[in-house]
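Overview (structure and organization)
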Amino acid sequence: MTTLIRLSQPALCIFWLASCSTHHVTTVPEVGMEQEIARYVNQHRAAKGLAALATEPRITAQCRRHCAQMAGKGEISHRGFSGRATAMRNSFRHAIVAENVGMNYGMSDPARKMANRWISSEGHRQNIEGNYHLTGVGVVKTNNGKYFFSEIFVGQQ
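Report on the accompanying structure. Bear in mind that the values here come from a model prediction, so they are computed numbers and not experimental data.

Looking only at helices and strands, the protein features five helices and seven strands. When the helices and strands of the protein are read in sequence order from the N terminus, they spell out β-β-β-α-β-α-α-β-α-α-β-β. With an accessible surface of roughly 8,000 Å², the protein has 52% of that area assigned to carbon and sulfur atoms.

Once that is clear, we can look at helix H1 (residues 31–47). Its 17 residues place the ends of H1 25 Å apart at the C-alpha level, agreeing with the 24 Å of an ideal helix rising 1.5 Å per residue. When H1 is considered as a whole, its buried residues turn out to be Met33, Glu34, Ile37, Ala38, Tyr40, Val41, Asn42, His44 and Arg45. Positioned one or two residues after H1, glycine 49 has a phi angle of 75°, which is positive.

The next thing to look at is the pattern of salt bridges. For the structure on display, the rule yields five salt bridges. Across the salt bridge formed by arginine 79 and glutamate 75, the nearest N and O atoms sit 3.1 Å from each other. Since its relative accessible area comes to 35%, glutamate 75 is described here as partly exposed. As a salt-bridge pair, aspartate 109 and arginine 112 come within 3.3 Å of each other at their nearest N and O atoms. Aspartate 109 sits in the partly exposed class, given a relative accessible area of 35%. Classification of arginine 112 as partly exposed rests on a relative accessible area of 39%.

All right, on to the packing of H1 against helix H4 (residues 110–120) then. Two numbers describe how H1 lies on H4: the axes approach to 9 Å, and their chain directions differ by 35°. Crossing hand, H1 versus H4: right-handed. Contacts from Met33, Glu36, Ile37, Tyr40 and His44 of H1 reach H4 at Pro110, Ala111, Arg112, Met114, Ala115, Trp118 and Ile119.

Moving on, we get to the packing of aromatic side chains. Across all of its chains, the model carries two aromatic pairs by this definition. Ring centres of tyrosine 132 and phenylalanine 153 lie 5.7 Å apart, and the angle between their planes is 35°; on these two criteria the pair is classed as tilted. Remark: phenylalanine 153 occurs in strand S7 (residues 146–156) and tyrosine 132 occurs in the loop between helix H5 (122–128) and strand S6 (134–142); sequence separation between them is 21 residues. Residue tyrosine 132 shares its accessibility class with phenylalanine 153, and that shared class is buried. Positioned above the aromatic ring of tyrosine 40, the side-chain terminus of arginine 39 is 5.3 Å from the ring centre.

Turning next to the packing of helix H2 (residues 57–73) against helix H3 (residues 81–91). Their axes nearest at 11 Å, the elements H2 and H3 cross at an angle of 170°. On the basis of the axis angle, H2 is roughly antiparallel to H3. Touching Arg58, Ile59, Gln62, His66 and Gln69 of H2 are Arg84, Ala87, Met88 and Ser91, all from H3. For the contact of H2 with H3, a count of residues per class yields three nonpolar, four polar and two charged.

Each value, and the rule that gives it
- Residues numbered from 1 in each chain as written.
- Predicted model: local features only at pLDDT ≥ 70, side-chain atom pairs only at ≥ 80, totals over all residues.
- Heavy atoms only, no water.
- Helix = DSSP H or I, 4+ residues; strand = E, 2+ residues; numbered from the N terminus.
- Areas by Shrake-Rupley, 256 points an atom, 1.4 Å probe, with all protein chains shown as cover.
- Expected span 1.5 Å × (residues − 1).
- Buried < 20%, exposed > 50% of the residue type's maximum accessible area, 1.4 Å probe, protein only.
- Salt bridge = Lys/Arg side-chain N within 4 Å of Asp/Glu carboxyl O.
- Axes fitted to C-alpha atoms, helices over the stretch in contact; angles between N-to-C directions.
- Left-handed = near helix turned anticlockwise from the far one by under 90°.
- Contact = heavy atoms within 4.5 Å.
- Phe/Tyr/Trp six-rings, centres within 6.5 Å; stacked < 30°, edge-to-face > 60°.
- Lys NZ or Arg CZ within 6 Å of the ring centre and 35° of its normal.
- Parallel < 35°, antiparallel > 145°, perpendicular 65-115°, else oblique.
- Nonpolar A, V, L, I, M, F, W, Y, C, P; charged D, E, K, R; others polar.

In structure tokens:
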């Protein structure tokens, strides 16, 4: 699988083309939804007495790439997580890393629905409530209306 990033207009419009051997899927990052999910996660953390997570652009970039890859394959997965975790450990000293992924289609308010699903799921909620201080969220929408989501959490050991 290859990922091509094409910038048009000064880094405000980013279009992703994820391709695999059988088909091409054009995806567009949903920056507003990424920010919404980060806000919902931090609201949940605040309700639990936990510090807010700061959004980090390098983590967001990893998440967007993974979302484009998932969209290209048409499935959600943690495939390649060890590589993303290694990149985070190389960028952030003594990092511990966790990841949530998801997909939805045809739902109103997809960002809120995804955040609520993660919060309702024990394993995903453990990541959200974990001992992390940085996050990045990626959301892409395919040309057929499917949303792919990824959130990476980074903390210090």
